[in-house]
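# Understanding the architecture of this molecule
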Amino acid sequence: MKISAIIVAAGALGAGTAFAQQPVKIGGMYPLTGGGAVYGVPAMAGHQLAIEELNAKGGILGRKIESIERDDKLNPSAASSTMKELITKDKVDIVLGGLSSAVGLAMSEVSKQEKVVYIATIPKTIQMTTDKLHKYVFRTASNTDFEGDTMSLLAGRYKLSKLCNLQLDYAYGNDLEAGIVKTLGKNAPNAKIVLTLKPKLGATDFNPFIPQVMAAGCDGVLSGLWGPHFVSWVKQAKPLGFFDKIKWISGGEIASHEIAGELKGDFPDNVISNTYELWYHAQDPSHKEFQARLAKKLNTQETPQWALLGYVGVMYAAAAMEKAKSTEADKVSAALEGLTIKTPVGPLTIDPKSHQANMGQFWGPMVKKPDRAYRMMDPVEYIQPK
Amino acid sequence: MPQRNQLIASAALVVLLALLPLAGSRYAVDLTTEVLIYALFALSLNVLIGFTGNVSFGHAAYFAIGGYTCAILLTTYRWPLAISLPAAVVLAGLVAAVVGYFCVRLTQIYFAMLTLAFAMLVWGVAFKWKEVTGGDDGFTGINLPAMLTNHVSYFYFTLAVVTVAIAALWVICHSAFGLTLVAVRENNVRTGFIGVDTRRMRWAAFTVAGSFGGLAGALFGMYHRGMYIENAFWTESAQVLIMVLLGGMYSFVGPILGAATLHLLQVFTNQYTTYWPTVLGLILLVIVMVLPDGLIGLVSRVKARWGKT
Amino acid sequence: MTLTMFTLNAFYGLALAMNMFIIASGLNLIFGVLRVINFAHGMFYMFGAYIIFTVTKTWGAPFLVGVLASAAGLAVIALAIERLLLKNLYDKEHLMQLLFTFAIVLLMSDAAKMIWGTDQYSVGYPPGLGGAINLGFVLLPQYQLFLCVVGPLIAIAMWLLVDRTRWGRIVRAATQDREMLSALGVNVPMVYAAVFTMGSALAGIGGALAAPRVALVPGMDATIINECFIIVIIGGLGNLWGSFLGALAFGFVVQFGTVLAPNWQDVLPYLLMLAVLIVRPWGLLGRPEAGR
């Protein structure tokens, strides 16, 4: 009885306050605790920066923005409940965020049921914009098909012939592999995958795999090992001279400064990879200004790449609402289809059919610099899907 | 007669809950639906812990089997709910019977670890059997009968199912079977001497716990319109165990109290701070230090204070 | 599998086993004596890794100092937890301790976030151990070789302490009958405090020694706790050499299993435990306990 009293009280709290000039409510959900916090916390910082900037300019449609931020706990069921709460209790107009594929798809499911727009800013699973596509889900992150396409392109460019395919054994790894295989014949006709290995998600011990790759005699590895997986692989493989002769072409944003800056001298040779953002490289003056503002907010010059994704998501939400002259989900959804906006890394367009933005990434080799303790990408190439 | 009072209080609670949608808050209805499902889940685990003294570290397995089975039958095979839901319960119970057969030969922590091992195999199957379960992308887009797609009707459905299930569990736990289980918990050896096949009793309890856990899972999957491998992971088993311990395991209503408290704490702390683990951790710490019998200990202390029996 | 591959895999399995043994032996000690299912042991491991990061990378101290700092840091944390809180729970319902350690996990995970943020970190190999030794037919990484030496050393040190000293006899007696020990005039609470401190310090050392070969991220505590319990259980509860054997079984099964049956790698440790418990319900070196 006591419990139901609490519930009724909590419900009443949510029901009140309905007046003119209500703020526009934007829900942001990223993992802020546990293993996903490495990505979720900086993404949320970018999300906040965008909202602060918009509010400084008067908000959206002349209304202030109220930001409602939650931990998605990297758990799809918890994320689903939390997103429902944002919609039914806090009455948000739009929801942004997510990290893992499962959380992204769970949020997409709620968005479909509740008819509220959801913009996926980090999840890359291809399903979201193919089989499970619906009216209210959009993606501003890259996806595994783009990433795989670029990786096979690089295999061709570096004239690799014997490839080892190294993917984590879960949705992202399998999808990325599919993306690579789809385009390898076209992009690198002389290359052949001779060995495919799939360490488990969350693996910390890669010793079962390292000798197999070395014995296979590959001249290149196509890898989807991200973040801590890559770091652990490097720590365990480098003593064996693993990276001396093999080109390591990798998705999973391991060229980000978060990893290069931490591994410093341990970062291996012959790595060519991607990142959404590089604090030491600006596309144009407006990009540089964005980096300066972010640096100020985070109190560090060497800003993390994930902030950009949170930032772009909010920018898209704002632009769509302005274009629709409304915060109604149906109108915002219609406005998002085909919408082009200017982002720090250049203009982006959302494909009206797939609801996928043509978010590009910076690709390039990670090289030593005489005056730096860490490696930097040089030359930097911005590759955007057509 | 205390039992009659309990019955009246329970009926009053159900009626009160049934009136909840009239308050007009969609959020309150959803949250209560979640609490009801967790309450059933925790209660099902307590058939094992509270009544046999065996702790399971793998109860999420049956929750997941129930959830996935119901979801897959409804969606992939388009079976009606009237068959899918019972099938989910039966399958969860069957798997629990098989696993239980091996587990009840062990006791204490060895028992607990064996349940964990089996549960992680269930997780592994949900993960790798992608064609059927959707793998780690999860199984989304569950097809619900049209009459249950509305949140209020789903709430009433959950309330009805959970009420019936809890009543059934109450009857089971207070039957001769339940009393024998308590005897097994209190003194395994002596109960054996008086001719009770203690292993078989524990096996039966394991199966009952699994079946009702499966029912909770089925309700959960339909509520979220999705099942995910995280629902079978050991952290989920730990979560429900914490609910039981928090509420108090030697009482019938303890786990219900624990489930409601932990779930609501998790929801509300996340609303106020990203440092919710600290807040939740401190609250739990206080409860453990002050109320070593769980929340139910508080209830009985208050009762004793006010002289009621 | 060629001889080179076999040697290499066996060696890697051994190195993994030794790293895991160091962590699990602490859990075994605590569990065996205090009967506390310490969910927070994985968190202690993570703190060990983070502490060596701060000491060696931020403060620039040598690796060995870092390892000792991790051990000392965890000893202090554990002693505080035991003396201020846990000691009040021994006489209470056994399982409530589990709830207690769960609360500790929540608090420590947030504390780690406040102290170290959410960036990922890496600790370098100690000087002279970052390369590999060439045996002609196979290359063996020096650091893993180092782990293969340290593990047995710790095992022997613990064996001497528990089997050959008066204190060890008391500890062993405490696993059997705490009331009797107390009646004999032994200060049981101090034995408990010492055991909890020492077991937790071992988690700290294990975390520090793991740090150079893995990435340091939030959440690195999550799987290690289960793996430690598996090692302790398959070895036989409270048995030091059992844990050593359990760690070896774990290391080899995980290493060879992952090579030969990569599809099963997610559940290999659980399969191992399943097999052991069905054949030997009290673990490899454990003994059945009567009527508890």
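The structure displayed is predicted, hence computed values, not measured ones.

### Here's the deal with the overall build of chain C
The helix and strand inventory of chain C stands at 11 helices and two strands. Written out in order from the N terminus, the α and β elements of chain C read α-α-α-α-β-β-α-α-α-α-α-α-α. On the principal axes, the C-alpha backbone points of chain C span a range of 60 × 50 × 35 Å. Taken over 292 residues, chain C has a buried fraction of 62%. A separation of at least 24 residues holds for 76% of the contacts in chain C among residues at least 6 apart in sequence. On chain C, roughly 10,800 Å² of surface is accessible, and the fraction owed to carbon and sulfur atoms is 69%.

### Regarding helix α6 (residues 166-176) of chain C
Residue and element names in this part refer to chain C. The complete set of buried residues in α6 reads Gly168, Ile170, Val171 and Ala174. Angularly, the buried residues of α6 cover 160° about the axis, an arc narrow enough to put them on a single face. The exposed set on the far side of α6, more than 90 degrees from its buried face, consists of Arg166 and Gln176. Looking at the buried residues of α6, the elements they touch are α1 (3-34), α5 (142-164), α7 (178-183) and α8 (188-210).

### A short note on the side chain of Ser108(A)
Residues and elements named next belong to chain A. Along the chain, Ser108 falls in helix α4 (residues 101-114). Classification of Ser108 by relative accessible area gives buried; the value is 3%. The residues contacting Ser108, other than those within four sequence positions of it, are Tyr118, Lys132, His134 and Val137.

### Considering the interface of chain B and chain C
On the chain C side, the residues contacting the 45 residues of chain B number 46 residues. For the pair chain B and chain C, the summed buried area comes to about 4,100 Å², and 79% of that belongs to carbon and sulfur atoms. In this structure, the connection of chain B to chain C is made through one salt bridge. Where chain B packs against chain C, one counts three residue pairs in polar contact (both at pLDDT 80 or more). Broken down by secondary-structure element, the contributors of at least two residues to the side of chain B that touches chain C are α5 (108-128), α11 (234-247) and α13 (276-290) of chain B. Looking at the side of chain B that touches chain C, the element that brings in the most residues is α5(B), giving 14 residues. Residues belonging to the side of chain B that touches chain C are distributed by class as follows: 36 nonpolar, six polar and three charged.

### Brief notes about the pairing of strand β9 (residues 247-250) of chain A
Residue and element names in this part refer to chain A. Alignment of strand β8 (residues 220-223) against β9, held across four bridges, turns out to be parallel. For Gly220, the partnering residue across the bridge sits in β9 and is Lys247. Note that β9 and strand β10 (residues 271-275) share three bridges and pair parallel. Pairing of Ser250 across the sheet is with Ser273, part of β10.

### Concerning helix α4 (residues 81-103) of chain B
All names here are of chain B. Its 23 residues place the ends of α4 32 Å apart at the C-alpha level, agreeing with the 33 Å of an ideal helix rising 1.5 Å per residue. The set of residues buried in α4 consists of Leu81, Ser84, Leu85, Ala88, Ala92, Gly93, Ala96, Ala97, Val99, Gly100 and Cys103. At its buried positions, α4 is contacted by α3 (60-75), α5, α7 (151-174) and α10 (198-224).

### Notes on the sheet that holds strand β4 (residues 117-120) of chain A
Residues and elements named next belong to chain A. In spatial order, the strands read β2-β1-β3-β4-β5; together these five strands make up an open sheet with parallel pairing. If you trace the sheet from one side to the other, it starts and ends with β2 (65-71) and β5 (137-139), each paired once. Averaged over neighbouring strand pairs, the angle between their axes works out to 20° when direction is ignored. When strand β1 (residues 24-30) meets β2, the two strands line up parallel, connected through seven bridges.

### A look at the environment of Asp163(C)
Relative to the helices and strands, Asp163(C) resides in helix α5. Residue Asp163(C) is classed as partly exposed on the basis of its relative accessible area of 29%.

### Focus: the state of the cysteines
One pass over the full model with this rule turns up one disulfide over all chains. Two residues, Cys164(A) and Cys218(A), share a disulfide whose sulfurs are 2.0 Å apart. Here Cys164(A) and Cys218(A) share a disulfide; its torsion about the S-S bond, 70°, makes the bridge right-handed. One end of the pair, Cys164(A), is in strand β6 (residues 162-166); the other, Cys218(A), is in the loop between α7 (210-216) and β8, with 54 residues separating them in the sequence. The exposure class assigned to Cys218(A) is buried, which follows from its relative accessible area of 8%. The thiol of Cys148(C) is not disulfide-bonded; the next cysteine sulfur, from Cys228(C), is found 17 Å away.

### Some points on the pairing of β10(A)
Residue and element names in this part refer to chain A. Taking burial as the measure, the five residues of β10 include five buried ones, the bulk of the element. Of the two faces of β10, the one carrying Val271, Ser273 and Thr275 and the one carrying Ile272 and Asn274 are both buried. In this fold, β9 hands off to helix α9 (residues 257-263), which returns the chain to β10; that crossover is right-handed. Sheet topology places β10 next to strand β13 (residues 361-367); four bridges connect them, and they run antiparallel. Bridge assignment links Ser273 to a residue of β13, and that residue is Gly364.

### Section: the confidence of the model for chain C
Averaged over every residue, the pLDDT of chain C is 91; the share at 70 or more is 99%. Considering each helix and strand of chain C separately, the mean pLDDT is smallest for α7(C), with a value of 83, and largest for helix α3 (residues 63-84) of chain C, with 97.

### Concerning the interface of chain A and chain B
With 38 residues of chain A at the interface, the matching set in chain B holds 38 residues. At the junction of chain A and chain B, the tally comes to two salt bridges. We note a salt bridge from Arg26(B) to Glu114(A), for which the minimum N-O separation is 2.8 Å. Looking at the side of chain A that touches chain B, the elements that each hand over two or more residues are α1 (2-15), β2, α3 (76-88) and α4 of chain A. Of the residues in the side of chain A that touches chain B, the class split is 15 nonpolar, 13 polar and 10 charged.

### Description of the packing of aromatic side chains
Counted under the stated rule, the structure contains 44 aromatic pairs over all chains. With a centroid separation of 5.5 Å and an interplanar angle of 55°, the aromatic rings of Phe243(A) and Trp248(A) are classed as tilted. In terms of burial, Phe243(A) and Trp248(A) fall into one category: buried. Judged by centre distance (5.0 Å) and plane angle (80°), the ring pair of Phe21(C) and Phe244(C) falls under edge-to-face. Residue Phe21(C) is located in helix α1, and its partner Phe244(C) is located in helix α10 (residues 240-260); the two are separated by 223 residues in the primary sequence. The same class applies to Phe21(C) and to Phe244(C), which are both buried. Following the ring pairs from residue to residue traces out a cluster consisting of Phe206(A), Phe230(A), Trp233(A), Phe242(A), Phe243(A), Trp248(A) and Phe267(A). Positioned over the ring face of Tyr223(B) is Lys84(A), at 3.7 Å from the centre of the ring. Geometry around Tyr275(B) places Lys113(C) over its ring, the cationic atom sitting 4.9 Å from the centre.

Rules and cut-offs
- Residues numbered from 1 in each chain as written.
- Chains lettered and ligands numbered in written order.
- Predicted model: local features only at pLDDT ≥ 70, side-chain atom pairs only at ≥ 80, totals over all residues.
- Heavy atoms only, no water.
- Helix = DSSP H or I, 4+ residues; strand = E, 2+ residues; numbered from the N terminus.
- Buried < 20%, exposed > 50% of the residue type's maximum accessible area, 1.4 Å probe, protein only.
- Contact = heavy atoms within 4.5 Å.
- Areas by Shrake-Rupley, 256 points an atom, 1.4 Å probe, with all protein chains shown as cover.
- Arc of directions from axis to C-beta.
- Buried area = accessible area lost by both parts, 1.4 Å probe.
- Salt bridge = Lys/Arg side-chain N within 4 Å of Asp/Glu carboxyl O.
- Polar contact = N/O pair within 3.5 Å; in protein donor to acceptor, adjacent residues only side chain to side chain.
- Nonpolar A, V, L, I, M, F, W, Y, C, P; charged D, E, K, R; others polar.
- Pairing = 2+ DSSP bridges.
- Expected span 1.5 Å × (residues − 1).
- Axes fitted to C-alpha atoms, helices over the stretch in contact; angles between N-to-C directions.
- Disulfide = S-S within 2.5 Å.
- Right-handed = clockwise from strand over helix to strand, strands pointing away.
- pLDDT = per-residue confidence, 0-100.
- Phe/Tyr/Trp six-rings, centres within 6.5 Å; stacked < 30°, edge-to-face > 60°.
- Lys NZ or Arg CZ within 6 Å of the ring centre and 35° of its normal.

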